[in-house]
Amino acid sequence: MDFELTDEQKDIQKAAREFAEKTFPEVAEECDLNETFPMELWKKACDLGFVGVFIDEAYGGPGLGFLEHALITEEFSRVDAGCGAILTTTLGSEFILFSGREEQKKKYLPLLPKGEAIMGMAITEPDAGSDVASVSTTARKVKGHYVINGSKIFITNGSIGDYLVVLCVTDEGEKIKSKRLSPILIETNREGFEANKLERKLGMRASDTAEINFSEVKVPLENLVGEVEGEGFYQLMTVFNHTRVAVAISGVGIAQGGLEKAIQYSKQRRQFGSPIGSFQGIQFKLAEMASLIEAARALCHKAAWMVDHGKIDPKLISMAKWFSGEVGVKVIDEVVQIHGGYGYLGEYGIERLYRDAKLVEIVEGTKEIEKVIIARELLGR
Amino acid sequence: MDFELTNRQKQIRMAAREFAEGEFPVVAREYDRREEFPRELWKKACELGFIGLFIKKEYGGLGLGFLEFAMVMEEFWRVDPGCGNILLTTFGAELIQLYGTEEQKNKYLPPLTKGKAIMGTAITEPDAGSDILSILTLARREGDHYVINGAKQFITNGSIAHYLAVFCLTHPEADSRLKRFGVILIETDRPGFGALKITGKLGIRASDTAELRFSDVRVPKDNLVGEKEGEGFSQIMQIFNINRVIAASQGVGVAQGALDKAIQYVKKRKQFGQPLATFQAIQFKIAEMATWVEAARTLTYKAGWMIDHGKVDPKLISVAKYIAGEVGVKVTNDALQLHGGYGYIAEYDMERFYRDAKIVEIYEGAKEIEKNTIARELLGRV
């Protein structure tokens, strides 16, 4: 056992913290207000090597692990989770990395860490969320092409992505739902593709979210991720095992950032003649918040380490994800509470944390789905 | 980073599990009912090397770490907390090993692992619990002896121990309150020593607890732990750092044991024509329990590992102890609930686990004290 980060990991963590602290605060509020994706920030983060750190060197990344990706995600989310969404610009690259053909890896991966392309993955549909095997977007084979029809919703980077991995039904005749599906790479400049940015999200407004329509979108057959059709559901589960760790730790980051603000505030704010931090009611609250964060972080680090060491543990990953999501929401609720009226207003940036934190309990598998997975591992079917 | 146990650690854990599963269940209920220390189990555990495995080889132990100790404690508590506390028969040995003189180590440590002696540490008094600086037990220096007078309360192994490490006022006149104390080793067969076993505890009834009286108990001055006077408080704080991790592992163990029983039960128990385990409300409860146990375990292992690597982190230790204590209470409560009426009666062990779990939130620093420690690290002195 060894519970310490390596020196390299500590360096990465520190660099990510410095970058976020230096660049996020000046744009965070505006990106939230205007619901704009921080393009400049994303470019800078790419220049500095923070984007796609898990991509192999052969495909333009530094070939680090998902633990390192998680460390960066925590540091970014700690300063501003919305701006931290610049790290989601590689969403879907895991599909290509794990299941893609060599040509696909060479074509689609190197652009991402360079800041030359943004991608996303389109899974959820208006009527298929947690029940992902029920997606109905079809990809029919017509004369050497797939022709895609259907619609997707809540798609991260949907209106700014250059290409998306889209989970489609390729075999409508297959009786077993989970064997009908295949991921297909779709460039967003293809005819028949249409994305509508979704506005007025509760939080994470710097992150782009869109609904997407595919009307007779034609892509070459070689855009199928991998060699065989019908593996999409299983490929997706593997991808989720990686992406959920990053989402989980974003909850830790938001909570940590909030805790630090609450500590600072409770040392300054005076009521009844003394700093509110001198009251045991506040002290215990802070102690509880810090303990939950420490527990959530330990689970995330462990889950990520296991992933990087070829020991994917879906139960542990799901534990890390629901726990961190809940810790984020719980801790930020207390952060707002400690700030009182000032927390409720926009000025301190605290109300934004409250809105941002909630997403972790919903995105990349709701916490209910995480519990379904954990229970299945413990109880069997 | 490396989140996997070494092969040695896995073997130790497996051996501890096998021993506990083989020995505890047949006697646990009876020792609980009789409120009796399981002497036979303790002897066997000594023979197999489970007792005092953190004691260095030259003093009769295995020279392992506190992480390994925590793992064994977890496995023991998973099967039965009361019986598991046979591991506390070395309570105070950490102190001697860390701060004692060579003579003290040679004299007091080897009997513990051999099953020839039981020890304890006496800190709490009737009027000084969390506020330990307020203890009143006085060790007055008379020539080459200390003469001890006072009373201690809630002392683990108090009525069965051969010697105790007793936290005393040795320098009540010292300006700094932190410099007024010494830890003195007191053999329980000394004249003037009296122990009264406390019965009717909520849980861990196989673990001995006593109130102690010292009336002009004379011990040689060499019984002061260490050579320097006035160091008692910092010594005790250091010991708390270690034993809080061990207490945390108890919370993890009792929670894991309750979870295991609950999983087994909900798969078998049928209501409305199907096993309880098929209802999503039950599934989610099980998922939440397991997650809390995993979180508490990871924190506890981390805290133990840090100690073994010379990086004692009082905040992390308090976090682990507080979370694990609460997890123990929460998870045993949920497990009892899942067992319904069967959980409430003695037949299924759940009611005992429910009673046992609570102690982790109280001893080795109440959870409120853990929160004080965490808050102080976060806020500094406000």
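Residues numbered from 1 in each chain as written. Chains lettered and ligands numbered in written order. Predicted model: local features only at pLDDT ≥ 70, side-chain atom pairs only at ≥ 80, totals over all residues. Heavy atoms only, no water.

Participant: With reference to specific residues and values, describe the domain arrangement of chain B.
Facilitator: Residues and elements named next belong to chain B. Here chain B is partitioned into domain 1 (7-113), domain 2 (119-230) and domain 3 (234-379). The distance between the C-alpha centroids of domain 1 and domain 2 comes to 23 Å. Approximately 2100 Å² of surface area, both sides summed, lies buried where domain 1 meets domain 2, with 60% of it carried by carbon and sulfur atoms. Where domain 1 touches domain 2, the interface holds two salt bridges. (Domains from an automatic or database assignment. Buried area = accessible area lost by both parts, 1.4 Å probe. Salt bridge = Lys/Arg side-chain N within 4 Å of Asp/Glu carboxyl O.)

Participant: Give a detailed account of the packing of helix α8 (residues 232-268) of chain B against helix α9 (residues 280-308) of chain B, specifying residues and quantitative values.
Facilitator: All names here are of chain B. The geometry of α8 relative to α9 is characterised by a closest axis approach of 9 Å and an angle of 155 degrees between their N-to-C directions. With respect to each other, α8 and α9 are oriented roughly antiparallel. By crossing handedness, the relation of α8 to α9 is classed as left-handed. Of the residues in α9, those touching α8 at N241, I242, V245, A248, S249, V252, A255, Q256, L259, A262, I263 and V266 are I282, I286, M289, A290, V293, A296, R297, T300, A303, G304 and I307. Grouping the constituent residues of the contact of α8 with α9 by class yields 17 nonpolar, five polar and one charged. (Axes fitted to C-alpha atoms, helices over the stretch in contact; angles between N-to-C directions. Helix = DSSP H or I, 4+ residues; strand = E, 2+ residues; numbered from the N terminus. Parallel < 35°, antiparallel > 145°, perpendicular 65-115°, else oblique. Left-handed = near helix turned anticlockwise from the far one by under 90°. Contact = heavy atoms within 4.5 Å. Nonpolar A, V, L, I, M, F, W, Y, C, P; charged D, E, K, R; others polar.)

Participant: I'd love a proper account of the interface of chain B and chain A, names of residues and values included.
Facilitator: Taken together, the contact between chain B and chain A spans 41 residues of the former and 43 residues of the latter. Together, the buried faces of chain B and chain A total about 4300 Å²; carbon and sulfur atoms form 73% of this surface. Interface area lost by chain B to chain A is led by B:M1, B:F3 and B:L379, which between them contribute 21%. Inspection of the chain B/chain A interface yields six salt bridges.

Participant: Describe the side chain of A:T23, with residues and values.
Facilitator: Residue and element names in this part refer to chain A. Tracing the sequence through the fold places T23 in helix α1 (residues 7-23). What makes T23 buried here is its relative accessible area of 9%. Reaching out from T23, the side chain makes a polar contact with the backbone oxygen of F19 at a distance of 2.7 Å. When near neighbours in sequence (up to four residues on either side) are disregarded, T23 contacts L41 and K44. (Buried < 20%, exposed > 50% of the residue type's maximum accessible area, 1.4 Å probe, protein only. Polar contact = N/O pair within 3.5 Å; in protein donor to acceptor, adjacent residues only side chain to side chain.)

Participant: Can you break down empty space enclosed by the protein residue by residue, with the values?
Facilitator: Residue and element names in this part refer to chain B. Using the criterion set out here, one finds four cavities of 30 Å³ or more in the structure. Put simply, the largest cavity is a space of about 80 Å³. Lining the largest cavity are L88, F91, T156, N243, I246, A247, Q250, Y363 and E364. (1 Å grid on protein atoms, 1.4 Å probe; cavity = no way out; pocket = protein on both sides within 12 Å on 5 of 7 lines; lining within 4 Å. Points joined across faces, edges and corners; volume = space filled by probe spheres on them.)

Participant: An account of a negative patch on the surface is needed here, citing residue identities and associated values.
Facilitator: Negative charge collects at one region of the surface, where B:E58, B:E102, B:E103 and B:E227 lie side by side. On the secondary structure map, B:E227 appears in the loop between β7 (209-220) and α8. (Patch = residues over 30% accessible without salt bridge, like charges linked within 9 Å, V, L, I, M, F, W, Y side chains within 5 Å. Areas by Shrake-Rupley, 256 points an atom, 1.4 Å probe, with all protein chains shown as cover. Lys, Arg positive; Asp, Glu negative; His and termini not counted. Charge placed at Lys NZ, Arg CZ, Asp CG, Glu CD.)

Participant: Lay out the packing of aromatic side chains in plain terms, naming residues and giving numbers.
Facilitator: In this structure the tally under the stated criterion is 34 aromatic pairs over all chains. Their ring planes at 85 degrees and their centres at 5.6 Å tell us that A:F233 and A:Y234 sit as a pair that is edge-to-face. Assessed through its relative accessible area of 38%, A:Y234 is described here as partly exposed. Measuring from ring centre to ring centre gives 6.2 Å for A:F272 and A:F279, while their planes differ by 85 degrees; the resulting arrangement is edge-to-face. On the accessibility criterion, A:F272 (78% relative accessible area) is exposed. By way of ring pairs, the aromatic residues A:F3, A:W305, B:F3 and B:W305 are connected into one cluster. Positioned above the aromatic ring of B:Y146 is the side chain of B:R141, whose terminal nitrogen or guanidinium carbon lies 5.5 Å from the ring centre. Taking the ring centre of B:F240 as reference, the NZ or CZ of B:R244 above it sits at 4.8 Å. (Phe/Tyr/Trp six-rings, centres within 6.5 Å; stacked < 30°, edge-to-face > 60°. Lys NZ or Arg CZ within 6 Å of the ring centre and 35° of its normal.)

Participant: Would you mind going over α1(A) in detail, with residue names and values included?
Facilitator: With 17 residues, α1(A) should reach 24 Å at 1.5 Å per residue; the first-to-last C-alpha distance of 24 Å fits that figure. Buried-residue contacts for α1(A) involve α2 (25-34), α3 (39-47) and α4 (66-79) of chain A. (Expected span 1.5 Å × (residues − 1).)

Participant: Give me the lowdown on a nonpolar patch on the surface, citing residues and values where you can.
Facilitator: Residues B:Y342, B:Y344, B:I345 and B:Y348 make up a contiguous nonpolar surface patch of roughly 430 Å² in combined accessible area. Topologically, B:Y344 is positioned in helix α11 (residues 341-344).

Participant: Would you mind going over the confidence of the model for chain B in detail, with residue names and values included?
Facilitator: The predicted model of chain B averages 97 in pLDDT, with 100% of residues at 70 or higher. Across the whole predicted complex the pTM is 0.94, and at the interface the ipTM reaches 0.91. (pLDDT = per-residue confidence, 0-100.)

Participant: Which residues make up the packing of α4(A) against helix α10 (residues 280-308) of chain A, and what values do they have?
Facilitator: Residue and element names in this part refer to chain A. Put simply, α4 and α10 touch, their axes get as near as 8 Å, and they point 150 degrees apart. On the basis of their axis angle, the class for α4 and α10 is roughly antiparallel. Residues F66, L67, E68, L71 and E74 of α4 touch α10, and the partners they reach there are R297, H301, A304, W305, V307 and D308. Of the residues belonging to the contact of α4 with α10, the class tally is six nonpolar, one polar and four charged.

Participant: Go over helix α13 (residues 367-379) of chain A with me, naming the residues and quoting the values.
Facilitator: The terminal C-alpha atoms of α13(A), which comprises 13 residues, lie 18 Å apart, in line with the 18 Å expected from a rise of 1.5 Å per residue. Tucked into the core, α13(A) has its buried residues touching α9 (232-268) and α11 (314-344) of chain A together with α8 and α9 of chain B. A:G380 occupies a position one or two residues after α13(A) and carries a positive phi of about 75 degrees.

Participant: Before we move on, can you summarise the nonpolar core with the specific residues and values?
Facilitator: Formed by 218 residues in total, the largest nonpolar core has its most connected members in A:L286, A:F323, B:F76, B:I148 and B:I286. Examining the composition of this core, we find that 18 residues originate from one element, α8(B), more than from any other. Discounting residues that sit within four places of it in the chain, B:I148 has contacts with B:T137, B:L138, B:A139, B:C168, B:I184, B:I186, B:F214, B:S215, B:D216, B:V217 and B:V219. Core analysis: the next-biggest nonpolar cluster, separate from the first, contains 22 residues, A:I12, A:L41, A:F76 and A:L87 among them. (Core = buried A, V, L, I, M, F, W, Y, C linked by side-chain atoms within 4.5 Å.)

Participant: So, the environment of A:H301: which residues are in play, and what are the values?
Facilitator: Its location among the elements puts A:H301 in helix α10. Considering only alpha carbons, one finds A:H301 and A:A70, 231 residues apart in sequence, at a separation of 7.9 Å.

Participant: Please provide a residue-by-residue account of unusual backbone geometry, values included.
Facilitator: Negative phi is the rule for most residues except glycine; trans is the rule for most peptide bonds. Phi at A:M204 takes a positive value of approximately 50 degrees, unusual for a residue other than glycine. Summarising the element assignment, A:M204 is placed in the loop between β6 (193-197) and β7 (209-220).

Participant: Help me get a handle on the layout of surface pockets, residues and values and all.
Facilitator: Residues and elements named next belong to chain B. What the second largest pocket holds in volume is close to 1300 Å³. As for the second largest pocket, its lining consists of 43 residues, and the residues nearest its centre are G129, F240, E364, G365 and A366. Contributing elements (two or more residues each) for the lining of the second largest pocket: β3 (145-156), α8, α10 (314-339) and α13 (367-379). Looking at the lining of the second largest pocket, the element that brings in the most residues is α8, giving seven residues. For the lining of the second largest pocket, the class distribution of residues is 20 nonpolar, 13 polar and 10 charged. Mapped onto the domain boundaries, the lining of the second largest pocket takes at least three residues apiece from domain 2 (119-230) and domain 3 (234-379).

Participant: A description of the pattern of salt bridges should follow, citing residues and the corresponding values.
Facilitator: Residues and elements named next belong to chain A. Under the definition given, this model contains 63 salt bridges over all chains. Close ionic contact of E18 with K14 constitutes a salt bridge, the shortest N to O distance being 3.6 Å. One end of the pair, E18, and the other, K14, are both in helix α1, four residues apart, so they sit about a helical turn from each other. On the basis of relative accessible area, K14 is assigned to the exposed category, the value being 52%.

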